[in-house]
Amino acid sequence: MRAAQRMNAVFVRVALDHPLPTLFDYRYELAPVPAPGLLVRVPFGRRDVVGLICEVTSQSDVPADKLRAVAAICDSCAPLSDEWRALAAFAAEYYQRGLGEVALPALPQALRDPSRWARLFAPEERYRLLPAGRAALPDALPARASALRRLADALAAQPALAAAEARALHPKASATLDEWRSLGWVALETGPETPDLAQPPALTDDALLPHLTPEQQQAVDSITAARDFAPFLLHGVTGSGKTEVYLHALAGLLNARPDAQALVLVPEINLTPQFEAAFRTRFAALPENAIVTMHSGLAEGERVRNWLAAHTGRARIVLGTRLAILASLPKLALIVVDEEHDPAYKQQEGLRYSARDLAIYRAKQLAIPVVLGSATPSLESWWQADQGRYTRLTLSRRAVADAVLPSVKLIDLEEERRRGRASIEGLSGPLVTALKARLERSEQSLVFLNRRGYAPILSCDACGWVAGCPRCSAYVVLHKPERTLRCHHCGWESRIPKSCPDCGNVDIAPMGRGTQRVEETLASAVPGARVLRIDADSTRRKGSAQALFSDVHAGEVDILVGTQMIAKGHDFQRVTLVGVLNADTALFSHDFRASERLFAQLMQVSGRAGRSGLPGEVMIQTRYPRHALYHALARHDYVGFANSTLAERRDAQLPPFVYQALLRAEGRTLEAALAFLQQAAAALAPLPGADRVTVYDAVPLTVVKVFNVHRAQLLLECASRAALQTALRAWQPALRSLKGVLRWAVEVDPLDI
Ligand code: ADP
Ligand code: ZN
Ligand code: ZN
């Protein structure tokens, strides 16, 4: 009897959101059949938590009296596929985390809350208007029954109306619907709506699509012809119509396979509306819920609904920011990563993954094409293409007839000063003149400055006092409209002092300038211009960025001033002038990627000019007009810049020619953080793989103290990715046993060093 019981015993191995890289065993005694990929509620310590079943077995190495039982299982949600779990496992392995730390946070919050499972998967109810009802309604309604009429109209407008939605239309809607059912006018249906997978008519009518340029056509043909893992680097100058290439590739796929799914990644939430609108217009034949978005700005309900649409295969196109790379997409057949060079694809906390790199992995795993698009590809991707690992597709000219790349002019600030030419608060004479000329012609201008706030420094001339953050080793930024001093590192805020807190001098003055100050200057320097500022401060409220960008598109703005938020991807039709302020600081950064980033940013922002056929002009104010980076920019010479920068990286043995990882530590004191890193370095030395790894000295971060925590890092470098991985993996137990810091984290392929 006992033997028989043991034979029938079932155990599950479960991944939990916990730093230990192990699975946790539980007894399984519930009625539904367990399967890998299903979610369970299990006791853990004194709490219940949600976990993911990774294995179902008939035995466990854990002693029977130590094993606890699964409390609940969510079997109405289809299991997460083997491929999805393998993706999570790869990300966990590569980025040095536990499987559960990757898999569970990748799920929408609602799924991780067992109390909501029943409601999430409650059978959906829908009302359907029957032919008898269609004939009788709305004539049967009293003339003044407008609420009932709305209900009838809603039923008539779609094949099936969600019951919750219908009942919410009118307080008596339920009773009315019951009555209509008894009359045989409507039917109540339950159960999930079955997706209609019959081959639909073609989604798009080729005759109505814009005529592709030969380069676009070639790119589309290459992508649609791909059958296996095929990474493409779509290098297209700004305005070359990369979006159109994506749209055609999507159409080719969706028309050919009625169940295929595509994933399109964009670097920023603000770019999703533009793409979503393009997809909805182009693929109007798709049902509404076949195109879904995924980003951190979604309300929770929407997030889980969209996630489930992807997971069940109902969603055909998923458009999202980096987190969407971990969506469950059982029929994924194409991945597009737009603006692939953008640092925003790298998550900077928790699981520090690169969505672009995971996209490559995922495409390889599923043997499908992946398209990385950019006007300024990352040097990593460019190097892959150089070696023939990625297929390069080139769009060398702008798509709109007559649109050419803008002319780039460097304004030498030293020379302006020497010649005694007037400038207004940092805006040079030539730039102001050009701005005025645009205003006269009713064209738009864009002024780019990568610093928000009014002034980065508030200081006292008399005693040298500078306003600093009490919690960070950083100055606080003056925000004039908000009348505050703000720390951009920890969020600390205070009122602007009326006099110097050290010496009482009332003449404390802002130094340097941010977007708010430039906005103020522009209003007086270009009289009559409608100036709009777009940066993280002016777009704090949900939806406000969208509203501001619409104003620009609607022509209600003459001069748009902003940070990198305005530089990316937007297709502004009427911008003919781009002014760049204060770019020089990045030329001399200690970060070896700073010039690559600056070049990309300036090329992106320059690319906003002259997109519709009117000639565009870019003016860069600089003290270093002879700098090679600016010269390459003026020639629109990404290829030259990329090749020379890669040559420098090869000489200096920097990525992509070596692989890097960082160990970051945060301590109560800098000494604690540094001591931890030194011990960590000593622990690494004897481990497998470590003999091939160069370990640099532990150093404080540039802004060493943030929120009263001191930060330092240790850089590791290795010519072999595999050896670095081996060493990092072997290092984990030692790191976990070290004490003395508040937090530590390993970052693989760091972007900021
Ligand atoms: P990119 O993303 O490469 O900077 P976009 O995809 O935003 O460029 O396209 C730039 C502009 O060119 C858009 O207004 C788009 O509608 C237009 N466009 C794209 N392809 C074509 C084409 N084949 N013919 C005419 N206009 C096109
Ligand atoms: Zn003072
Ligand atoms: Zn601070």
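What counts as what
- All residue numbers refer to positions counted from 1 along the written sequence of the respective chain.
- Whichever chain is written first is A, and whichever ligand is written first is 1; the rest continue in order.
- In keeping with the predicted nature of the model, local features appear solely for residues at pLDDT of at least 70, side-chain atom pairs appear and are counted solely at 80 or more, and the whole-chain, interface and lining totals rest on all residues.
- Neither water nor hydrogens contribute to the side-chain values; these are computed over all heavy atoms in the structure.
- UniProt positions are given in the numbering used here, feature names are shortened, and annotations may be inferred rather than shown by experiment.
- Ligating atoms shown are N, O and S within 2.8 Å of the metal, or 3.2 Å for Na, K and Ca, and water is not included, meaning a site may look less than complete.
- All geometry calls rest on donor angles, where a four-donor set with angles between 85 and 135 degrees is tetrahedral, four- and six-donor sets with opposite donors more than 155 degrees apart and all others between 65 and 115 are square planar and octahedral, and all else is irregular.
- When a residue's accessible area, from a 1.4 Å probe over protein chains only, is under 20% of the maximum for its type it is buried; when over 50% it is exposed; and in between it is partly exposed.
- For two strands to pair, DSSP has to find at least two bridges joining them.
- Here a helix means four or more residues in a row that DSSP labels H or I, a strand means two or more in a row labelled E, and each is numbered from the N terminus.
- With axes taken as lines fitted to C-alpha atoms, and helix axes fitted only over the stretch in contact, angles between N-to-C directions fall between 0 and 180 degrees.
- Contacts between residues were defined by any pair of non-hydrogen atoms, one from each residue, lying within 4.5 Å.
- In this scheme, a helix's expected span is set at 1.5 Å multiplied by one less than its residue total.
- Stacked, edge-to-face and tilted are the three classes for Phe, Tyr and Trp ring pairs, Trp counted by its six-membered ring, which pair at centre distances within 6.5 Å; planes under 30 degrees apart are stacked, over 60 edge-to-face, the rest tilted.
- Salt bridges, as used here, are contacts in which a Lys or Arg side-chain nitrogen is within 4 Å of a carboxyl oxygen on Asp or Glu.

Where an unreviewed UniProt entry is consulted, the protein chain appears under the name Replication restart protein PriA, with the organism given as Caballeronia choica. Quoted verbatim from the Sequence similarities (unreviewed entry) field of UniProt, the annotation for the protein chain is "Belongs to the helicase family. PriA subfamily." Listed under Function (unreviewed entry) in UniProt, the entry text for the protein chain is "Initiates the restart of stalled replication forks, which reloads the replicative helicase on sites other than the origin of replication. Recognizes and binds to abandoned replication forks and remodels them to uncover a helicase loading site. Promotes assembly of the primosome at these replication forks."

Draft legend 1. Region of the structure containing the coordination of the zinc ion (ligand 3). The zinc ion (ligand 3) binds to the protein through Cys469 (SG), Cys472 (SG), Cys487 (SG) and Cys490 (SG); the donor distances cover 2.2 to 2.3 Å. Seen from the zinc ion (ligand 3), its four donor atoms lie at angles of 105 to 113 degrees, and the figure they make is tetrahedral. The sequence motif formed by the donor residues of the zinc ion (ligand 3) is C-x2-C-x14-C-x2-C. A residue is classified by how much of its surface remains accessible, and Cys490, at 15% relative accessible area, is buried.

Draft legend 2. Seen up close, the sheet that holds strand S10 (residues 261-265). Judged by pairing direction, the sheet is parallel, and its seven strands sit side by side in the order S11-S12-S10-S13-S14-S9-S15 without closing on themselves. Taken across any chain shown, the strands that pair with only one partner, and hence form the sheet edges, are strand S11 (291-294) and strand S15 (391-395). Within this sheet the neighbouring strands show an average axis-to-axis angle of 20 degrees, counted without direction. Pairing of strand S9 (residues 230-236) with S15 involves five bridges; the strand directions are parallel. Among the inter-strand pairings, His235 is bridged to a residue of S15, identified as Thr394. In this fold helix H11 (residues 272-282) packs onto S10, S11, strand S12 (317-320) and strand S13 (332-338), with an angle of close to 165 degrees to the strand it touches most, S12.

Draft legend 3. Inspection of helix H12 (residues 300-312) at higher detail. Relative to the 18 Å expected for 13 residues at 1.5 Å per residue, H12 spans 18 Å between its end C-alpha atoms, a close match to the ideal helical length. Elements that come into contact with the buried residues of H12 comprise helix H4 (117-120), S10, S11 and S12. Just downstream of H12, Gly313 is the residue with a positive phi angle, here 90 degrees.

Draft legend 4. Molecular detail of the side chain of His235. Relative to the helices and strands, His235 is located in strand S9. Judged by its relative accessible area of 8%, His235 falls in the buried class. Those residues in contact with His235, other than ones at most four positions away along the chain, are Ser374, Ala375, Pro377, Trp382, Leu393, Thr394, Leu395, Tyr638 and Val639.

Draft legend 5. Molecular detail of the coordination of the zinc ion (ligand 2). Note on the zinc ion (ligand 2): its protein donors are Cys460 (SG), Cys463 (SG), Cys500 (SG) and Cys503 (SG). The metal-donor distances range over 2.2 to 2.4 Å. Seen from the zinc ion (ligand 2), its four donor atoms lie at angles of 105 to 114 degrees, and the figure they make is tetrahedral. Motif for the zinc ion (ligand 2), donor spacing along one chain: C-x2-C-x36-C-x2-C.

Draft legend 6. Inspection of the packing of aromatic side chains at higher detail. In total, this model carries twelve aromatic pairs according to the counting rule given. Arranged with centres 5.0 Å apart and planes meeting at 90 degrees, the rings of Trp382 and Tyr638 form a pair that is edge-to-face. Highlighted residues: Trp382 in helix H14 (residues 379-386) and Tyr638 in helix H21 (residues 638-652), separated in sequence by 256 residues. Overall, Trp382 belongs to the buried group, its relative accessible area being 4%. Pairwise contacts between aromatic rings join Phe90, Tyr94, Tyr95 and Tyr361 into one cluster.

Draft legend 7. Spotlight on the pattern of salt bridges. Going through the model one piece at a time under the given rule, you end up with 50 salt bridges. Its salt-bridge partner being Glu268, residue Lys568 comes within 3.3 Å of it at the nearest N-O pair. With Lys568 in the loop between strand S26 (559-562) and strand S27 (575-580) and Glu268 in the loop between S10 and H11, the pair connects residues that are 300 residues apart, well separated along the chain. With a relative accessible area of 13%, Lys568 lands in the buried category. Residue Glu268 is classed as buried on the basis of its relative accessible area of 13%. Via salt bridges that share partners, Lys409, Arg438, Arg441, Glu443 and Glu617 belong to a single interconnected network.

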